[in-house]
Amino acid sequence: MTQETIFAKIIRREAPADIVYQDDLVTAFRDIRPQAPVHILIVPNRAIPTANDVLPEDEPALGRLFTVAAKLAREAGIAESGYRLLVNCNRDGGQEVYHLHMHLVGGRRLGPMLVRPTE
Ligand code: AMP
C-alpha cells in the first residue's frame, strides 16, 4: 500500500490548511510555499499517487479539477489575465507530494514554461 501523504490528512481536515473549496470529488487549498500571488492546489479526494496511477474511474474527479480551477481562477480575478495549470509526475517532473494534484498559479507574468534546474 502506498504511504499516505499530508494531502490525505488535509482532505479529512486532520491537518491544517487554507481550504478554499471542497466537494465529494476534489479539495482545493492554498499552497504553503506560494510561487505567485495565486497558488492553489486542487487534489482528487481519492489518493492517486501520480499521473501514472490514474484509472478510468477517476475521470469524473480529474474533470472536476479543471472546472474547479476555472471557478477559483474567476473568483481570484485572474481568469482574463491568465494562469497556469500544472501536474508534476515523479522525479524528473519535480513531484514532491505523491498524491496527484493540480497547481493553479497566477496573478503575475509567469515567464517561460520550463527552466533548466541549476543542479
Ligand atoms: P509538487 O512538486 O507538484 O509535488 O508540489 C507539491 C506542492 O505542495 C509544493 O508546491 C508545496 O509547497 C506544497 N505543499 C507541501 N505541503 C503542503 C501543505 N501542508 N499545505 C499546502 N501545500 C503544501
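Residues numbered from 1 in each chain as written. Predicted model: local features only at pLDDT ≥ 70, side-chain atom pairs only at ≥ 80, totals over all residues. Heavy atoms only, no water.

Participant: Describe the side chain of D58, listing the residues and the values that go with them.
Facilitator: With respect to the helices and strands, D58 occurs in the loop between β3 (38-44) and α2 (59-76). Discounting residues that sit within four places of it in the chain, D58 has contacts with R46, I48 and D53. (Helix = DSSP H or I, 4+ residues; strand = E, 2+ residues; numbered from the N terminus. Contact = heavy atoms within 4.5 Å.)

Participant: Before we move on, can you summarise the nonpolar core with the specific residues and values?
Facilitator: Judged by nonpolar contacts, the single largest core of 16 residues is most densely connected at I40, I42, L65, L72 and L104. Elements represented by at least two residues in this core include exactly β2 (26-30), β3, α2 and β5 (102-106). The dominant element in this core, judged by the number of residues it contributes, is α2, at six residues. Beyond its immediate stretch of four places on either side in the chain, I42 contacts V26, T27, A28, L65, V68, A69, L72, H101, M102 and L104. (Core = buried A, V, L, I, M, F, W, Y, C linked by side-chain atoms within 4.5 Å. Buried < 20%, exposed > 50% of the residue type's maximum accessible area, 1.4 Å probe, protein only.)

Participant: Explain the site of the ligand residue by residue, including any values.
Facilitator: Surveying the vicinity of the ligand reveals 16 residues, the closest of which are D31, G94, E96, H101 and H103. The separation between a nitrogen atom of the ligand and a polar main-chain atom of I32 is 3.1 Å. Interatomic distance of 2.6 Å between a backbone N/O atom of E96 and an oxygen atom of the ligand. Computed on the free molecule, the ligand has an accessible area of 500 Å², of which 88% lies beneath the protein chains in the complex. Those elements that place two or more of their residues in the shell around the ligand are α1 (6-11) and β2. Classifying every residue of the shell around the ligand gives seven nonpolar, five polar and four charged. (Near = heavy atom within 4 Å. Polar contact = N/O pair within 3.5 Å; in protein donor to acceptor, adjacent residues only side chain to side chain. Areas by Shrake-Rupley, 256 points an atom, 1.4 Å probe, with all protein chains shown as cover. Nonpolar A, V, L, I, M, F, W, Y, C, P; charged D, E, K, R; others polar.)

Participant: So, the environment of A69: which residues are in play, and what are the values?
Facilitator: Note on placement: A69 falls in helix α2. Of the residues examined, A69 reaches a relative accessible area of 0% and is grouped as buried. As a C-alpha pair, A69 and F7 span 62 residues in sequence and 17 Å in three-dimensional space. Setting aside chain neighbours within four positions, we find A69 in contact with I42, L85, M102 and L104.

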